[in-house]
Amino acid sequence: MEYRSDGSFETRLYRLEGSSEAGWRVFRNDKLHLSFGKGYVLLRARSCGVCSTDLARRFLPFPLPQIIGHEVLAVDQANRRFVAEINASHRSLGQDQVECAYCDHGLPTHCPQRRVLGIHDLPGGFGPFLLAPRKGIFEVPAQLSDATAVLMEPFAAALHAARTILPREPRSIAVLGTRRLGLLTVAALAAERRRQDLSFRLIGLSHHENLQRMARALGADEATPPPKPPITQPIADIVVDTTGNPQGLELAVALADKEVHLKSTHGQRAAELDHLTEAVVDEIELGTFQSTAPQSYGRLCFGSSTRPIVLWQSQEPVPEWVDESMDCVQEKDPDRARSALARQRPELPAADLAVVDHAAGVDRALRPWPSQEEGLVRARGRIEVNGISASDGPLLQALAQRNLELSTSRCGDFKQALALLKNDPGLSRELPRLITHHLPADQLSEAFEIAQGPDSIKVVVEHEPLE
Ligand SMILES: [Zn+2]
Ligand SMILES: [Zn+2]
């Protein structure tokens, strides 16, 4: 069943032809639809979870129709169970001879050539067969159940969020929107707290009593409905927004004292910004430019370079210390900016840091060219706002007035997630409680309807074993 641009599903005949060595051709109704190079293995889907990204798939900038589904438990011909990394990068496809700035520097999930299983071109786990990058598949250890394994992709993403924010040593973390990804984030934070012997307070925020109960069962110290606006004071150092809707972010901004961590990729305008989903996709952080106190920007150096590259697009003059401590490109026009950045770093023509004015400046740094999924800031880079006005929305106001930070994260590391679950048997037993509904794969529309409704947490689609 393919997913279409109006959000509906239709049955179409797909045929996959090829091999890991020769590459693959995908036929749709007997017409060549897509082709892929080598490095993909064919797996049979056993089950596949529905997540918010699937529910919002039509808002994402990738071609439709597509066979979607990326939270997959799959089997090979010998019936061995695998979970699959969804980013098919040079690295995960085994194309190590190709030079790629991101793959070569440990950021393969940001490979610019990547296809994404069940999200971008690659047929995903709501169909009976999928194509997965051959070095991105991981056999599921015997002690993990099917139900735990099918949660591996979103759990890895939740764990990545936890490991992104915990080094800041927060005293308290609130997770806003404890449903699918939110409960997994609560579980990942609680697991890391056990593993690292940390002592932050963990708060789950949800309107639904059953979700509050579940958050407590997974390790939250407290689970309550989110406070109602007007919010007069923050409730935690860091608020993780997993609501998957634009209003959630505004609430998270009001509730956070130091940092909002955004994990939603709903593809819609939020907090007066058009491209926040792209900021999450590129894992870019947002903050305020500190004109008086040069902080340590050293951590923004990419690869072996010792000076970060800053793209200065603010009206204000470049302070001397910026010129002294960074390689500065001062250029507003995006084409000329990219040419100048390419002279600084030919293999990766993007800035480590962009300093901009206003929400429009943030959007222009993230996606300056319409219909081109490319920004002027590299993945895992940073954007700082130097000038704002009253119309710039609550997020930018909070960045400027309260020094709030916005951090983001996307996909996680399957090896780390599998290792954590193997060593935390209590957690791997608890996690499947998140799966409230199992539906056969031919009832995909119903599965999406249930996943959209208030009475489900995780909906999982099951494939019949083929005869
Ligand atoms: Zn997902
Ligand atoms: Zn690459």
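Bear in mind the structure is a predicted one, so any value in this text is a computation, not a measurement.

What counts and what doesn't
Residues numbered from 1 in each chain as written. Chains lettered and ligands numbered in written order. Predicted model: local features only at pLDDT ≥ 70, side-chain atom pairs only at ≥ 80, totals over all residues. Helix = DSSP H or I, 4+ residues; strand = E, 2+ residues; numbered from the N terminus. Rg over C-alpha atoms; globule rule 2.2 N^0.38 Å. Buried ≥ 20, exposed ≤ 12 C-beta atoms within 10 Å, placed from the backbone. Contact = placed C-beta atoms within 7 Å. Pairing = 2+ DSSP bridges. Axes fitted to C-alpha atoms, helices over the stretch in contact; angles between N-to-C directions. Domains from an automatic or database assignment. Parallel < 35°, antiparallel > 145°, perpendicular 65-115°, else oblique. Left-handed = near helix turned anticlockwise from the far one by under 90°. Nonpolar A, V, L, I, M, F, W, Y, C, P; charged D, E, K, R; others polar. Arc of directions from axis to C-beta.

### Details of the overall build of the protein
In terms of regular secondary structure, the protein is built from 15 helices and 25 strands. For the protein, the C-alpha radius of gyration of 22 Å lies close to 23 Å, the compact-globule estimate for 467 residues. Each of the 467 residues in the protein was classed as buried or not, and the buried ones make up 50%. The contacts in the protein between residues at least 6 apart in sequence include a share of 66% that link residues at least 24 apart.

### A short note on the pairing of strand β6 (residues 40-50)
In terms of burial, β6 is a largely internal element, eight of the 11 residues being buried. Where β6 lies against strand β11 (residues 129-133), five bridges are found, and the strand directions are antiparallel. By the bridge assignment for β11, Tyr-40 is matched with Pro-133. As paired strands, β6 and strand β7 (residues 71-75) are joined by five bridges and run antiparallel to one another. If you follow Ala-45 over to β7, its bridge partner there is Ala-74. Where β6 and strand β25 (residues 458-462) come together, four bridges link them in antiparallel fashion. Looking at the pairing, Cys-48 lines up with Val-461 of β25.

### Points about unusual backbone geometry
That bond from Leu-64 to Pro-65 is cis: its omega, 0°, falls within 30 degrees of zero. Looking at the secondary structure, you find Pro-65 in the loop between α1 (52-55) and β7. Pro-230 follows Pro-229 through a cis peptide bond whose omega is 0°. Relative to the helices and strands, Pro-230 is located in the loop between β15 (222-224) and β16 (236-241). Its identity is not glycine, yet Asp-197 carries a phi of approximately 55°, on the positive side. Tracing the sequence through the fold places Asp-197 in the loop between α5 (180-196) and β14 (201-205). The exposed category is assigned to Asp-197, around which 7 C-beta atoms lie within 10 Å. With a phi close to 65°, His-358 is a non-glycine residue in the positive phi region. Considering the arrangement of structural elements, one finds His-358 in helix α11 (residues 358-366).

### Some remarks on the environment of Ser-20
Tracing the backbone through its elements, the reader meets Ser-20 in the loop between β3 (14-19) and β4 (23-28). Since 16 C-beta atoms lie within 10 Å of it, Ser-20 is described here as partly exposed. Apart from residues no more than four positions distant in its own chain, Ser-20 is found in contact with Lys-38, Gly-39, Tyr-40, Val-41 and Arg-134.

### A few points about the sheet that holds β3
Read across the sheet, three strands follow the order β3-β4-β5 without closing on themselves; strand pairing throughout is antiparallel. For this open sheet the edge positions go to β3 and β5 (31-36), each flanked by a neighbour on one side alone. Taken over all neighbouring pairs, the strand axes of this sheet differ in orientation by 20° on average, direction set aside. Alignment of β4 against β5, held across five bridges, turns out to be antiparallel. Bridge pairing in β5 links Phe-27 to Leu-32.

### What to know about the domain arrangement of the protein
Here the protein is partitioned into domain 1 (2-139) and domain 2 (156-408). On a C-alpha basis, the centres of domain 1 and domain 2 stand 28 Å from each other. Across the boundary between the two partners, domain 1 contributes 12 residues, which contact 15 residues of domain 2. Of all the secondary-structure elements, those providing two or more residues to the side of domain 1 that touches domain 2 are α1 and α2 (101-104).

### With respect to the packing of helix α4 (residues 152-165) against α5
Running from N to C, α4 and α5 cross one another at 55°; their axes reach a closest spacing of 8 Å. It follows from the interaxial angle that α4 and α5 lie oblique. Both α4 and α5 take part in a crossing whose hand is right-handed. Judged by residue contacts, Pro-154, Phe-155, Ala-158, Leu-159, Ala-161, Ala-162 and Arg-163 of α4 engage Arg-180, Leu-181, Leu-184, Thr-185, Ala-187, Ala-188, Leu-189 and Glu-192 from α5. In the contact of α4 with α5, the residues fall into 11 nonpolar, one polar and three charged.

### With respect to the packing of helix α7 (residues 246-255) against helix α12 (residues 393-402)
A pair of packed helices can be characterised by two numbers: the angle between their axes and the separation between those axes. At a minimum axis distance of 9 Å, the contact between α7 and α12 shows a crossing angle of 25°. As judged from the angle between their axes, α7 and α12 are roughly parallel. The handedness of the crossing between α7 and α12 comes out as left-handed. Each of Leu-249, Glu-250 and Val-253 in α7 lies in contact with α12, whose residues at this interface are Pro-394, Leu-395 and Ala-398.

### Let's talk about helix α10 (residues 334-344)
Inspection of α10 places Ala-337, Arg-338 and Leu-341 among the buried residues, and these make up the whole buried set. The buried side chains of α10 occupy one side of the element, clustering within an arc of 95° when seen end-on. Exposed side chains of α10 directed beyond 90 degrees from the buried face belong to Asp-335, Arg-336 and Arg-343. Tucked into the core, α10 has its buried residues touching β19 (309-312), β20 (327-330) and β21 (351-357).

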